Structures are given as C-alpha cells and as structure tokens.
Amino acid sequence: MREAGIKIVATQDLVPDEELPNMGDTAVGVISAGNYSSTAVRPANQAFMAAWNREYPKAIPDYLSVGGWDGMAAAFDVIKQTKGKFTADEAMKILTNWKKDDSPRGPIMIDPATRDIIPDIYIRRAEMKDGKLVNTEFDTSRR
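Please read all numbers here as calculations on a predicted model, not as lab measurements. (Residues numbered from 1 in each chain as written. Predicted model: local features only at pLDDT ≥ 70, side-chain atom pairs only at ≥ 80, totals over all residues. Heavy atoms only, no water.)

1. Quick notes on the overall build of the protein chain
Next up, step 1: Helices and strands together make up the secondary structure of the protein chain, namely 4 helices and 7 strands.
Next up, step 2: Listing every helix and strand of the protein chain by position from the N terminus yields β-α-β-α-α-α-β-β-β-β-β.
Next up, step 3: Along the longest, intermediate and shortest principal axes, the C-alpha atoms of the protein chain span 60 × 35 × 20 Å.
Next up, step 4: Within the protein chain, the proportion of its 143 residues that are buried is 38%.
Next up, step 5: Nonlocal contacts in the protein chain, meaning residues at least 24 apart in sequence, comprise 45% of its contacts between residues at least 6 apart.
Next up, step 6: Carbon together with sulfur atoms contributes 57% to the accessible area of the protein chain, which is approximately 9000 Å² in total.
Next up, step 7: If you average the places of the 19 positive and of the 21 negative side-chain charges in the protein chain, the two averages end up 5 Å apart. (Helix = DSSP H or I, 4+ residues; strand = E, 2+ residues; numbered from the N terminus. Buried < 20%, exposed > 50% of the residue type's maximum accessible area, 1.4 Å probe, protein only. Contact = heavy atoms within 4.5 Å. Areas by Shrake-Rupley, 256 points an atom, 1.4 Å probe, with all protein chains shown as cover. Lys, Arg positive; Asp, Glu negative; His and termini not counted. Charge placed at Lys NZ, Arg CZ, Asp CG, Glu CD.)

2. Comments concerning the sheet that holds strand β6 (residues 121-129)
Next up, step 1: Pairing is mixed in the open sheet, where 4 strands are placed in the order β1-β2-β6-β7. Of all strands in the sheet, those bounded by a partner on one side alone are β1 (9-11) and β7 (132-141). Within this sheet the neighbouring strands show an average axis-to-axis angle of 30°, counted without direction.
Next up, step 2: The pairing of β1 with strand β2 (residues 31-34) spans 3 bridges and is classified as parallel. Paired with Val9 across the two strands is Ile31, which belongs to β2. (Pairing = 2+ DSSP bridges. Axes fitted to C-alpha atoms, helices over the stretch in contact; angles between N-to-C directions.)

3. Some thoughts on the sheet that holds strand β3 (residues 99-103)
Next up, step 1: Ordered by their spatial adjacency, 3 strands build an open sheet running β3-β4-β5, and the pairing between neighbours is antiparallel. A strand with exactly one partner marks an edge of an open sheet, and here the two such strands are β3 and β5 (117-119). The average undirected angle you get between the axes of adjacent strands in this sheet is 20°.
Next up, step 2: With 3 bridges joining them, β3 and strand β4 (residues 106-110) adopt antiparallel strand pairing. Among the inter-strand pairings, Lys100 is bridged to a residue of β4, identified as Ile108.

4. Notes on the environment of Glu18
Next up, step 1: Position of Glu18 among the secondary structure elements: in the loop between β1 and α1 (20-23).
Next up, step 2: On the basis of relative accessibility, which here comes to 28%, the residue Glu18 falls in the partly exposed class.
Next up, step 3: A C-alpha to C-alpha distance of 9.5 Å links Glu18 and Val134, two positions 116 residues apart in sequence.
Next up, step 4: Those residues within four positions of Glu18 in sequence are excluded, and the remaining contacts are Ile60 and Asp62.

5. Side note on the environment of Asn135
Next up, step 1: Within the element layout of this structure, Asn135 appears in strand β7.
Next up, step 2: Look at Asn135 and you get buried, because its relative accessible area is 1%.
Next up, step 3: Taking the C-alpha atoms as reference points, Asn135 and Val28, separated by 107 residues in sequence, lie 9.3 Å from one another.
Next up, step 4: In this structure, Asn135 is in contact with Val15, Pro16, Asp17, Leu20, Ser32, Ser37, Thr39, Arg124, Arg125 and Ala126, ignoring residues within four places of it in sequence.
Next up, step 5: At 2.8 Å, the side chain of Asn135 and the backbone oxygen of Val15 are in polar contact.
Next up, step 6: Side-chain polar atoms of Asn135 contact the side chain of Asp17, separated by 2.7 Å. (Polar contact = N/O pair within 3.5 Å; in protein donor to acceptor, adjacent residues only side chain to side chain.)

6. Description of the pairing of β2
Next up, step 1: In terms of strand pairing, β2 meets β6 through 4 bridges, oriented antiparallel. Across the sheet, the residue bridging to Gly34 is Tyr122, located in β6.

Here it is in structure tokens:
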C-alpha cells in the first residue's frame, strides 16, 4: 500500500505497542489514534515505564496495562480521601468526579453522567527510533 501512495490511518489496535517488535517495516508510517503510547514523553509515563520495566523487563505495556494503573490510582484516591473508611455510596461519590492530571496517558477524568473514563486521544506515527519501532505521538485531541 505504501508503494501505491496509500497512507494507513487507524485506531491504536492496528499497531499496538506490544506487537510493534513483531511487525517490522510493514508498520512504519502508519498513523493511529489512541489513548496511550508506551514511549510517550510525559513524566508520569516515564515513572510508570520505570516501575513496569522493573517488574516485567521483557513485556511492553499497552493501554489496558495503563488502565489498570489508573484504576488503582482511583482506588487509592478514595482510600486517601476517606482515610480508609467509606461506604460504597461514598466511594461512588468520589469516583463520579474523579480527575487525574498526571496519568501515564495524560490527563483523565470520569464523566459524572456516564461514568466512562475520558482521556486525551493522541495521534501517533509508527516509526523507527534507536533501532526499535515505536508509536510516536505528534498531535493531541484534548477532551
């Protein structure tokens, strides 16, 4: 497709970070939109990656991995705000308005009406950096 001048634009699941090492040059130049890249240059992501690599040195995290990290951050915030003593209703009240500006995937919040998480969406390009294929963020759609 590249030789025919066709550019591929897709969601993050076409070129997931953890599969890039298996894709070779085929993925180079693919543009994708997603809520996380393991190579993102954000302080919170660099801290997440350091912790991840200590525990799982041969694995590459994906958006589900960082979702688990964020879920535990939300649970920890409920515990902190209530000093560990809360009812289900009290936890839901806190989580309904929960925001985190420094998630590994950037600022996130929980929509109070739908209770869905709202992240920024990053536009990424699959490219070679330091001999490895990575998704490099080059634009952002802010929530």
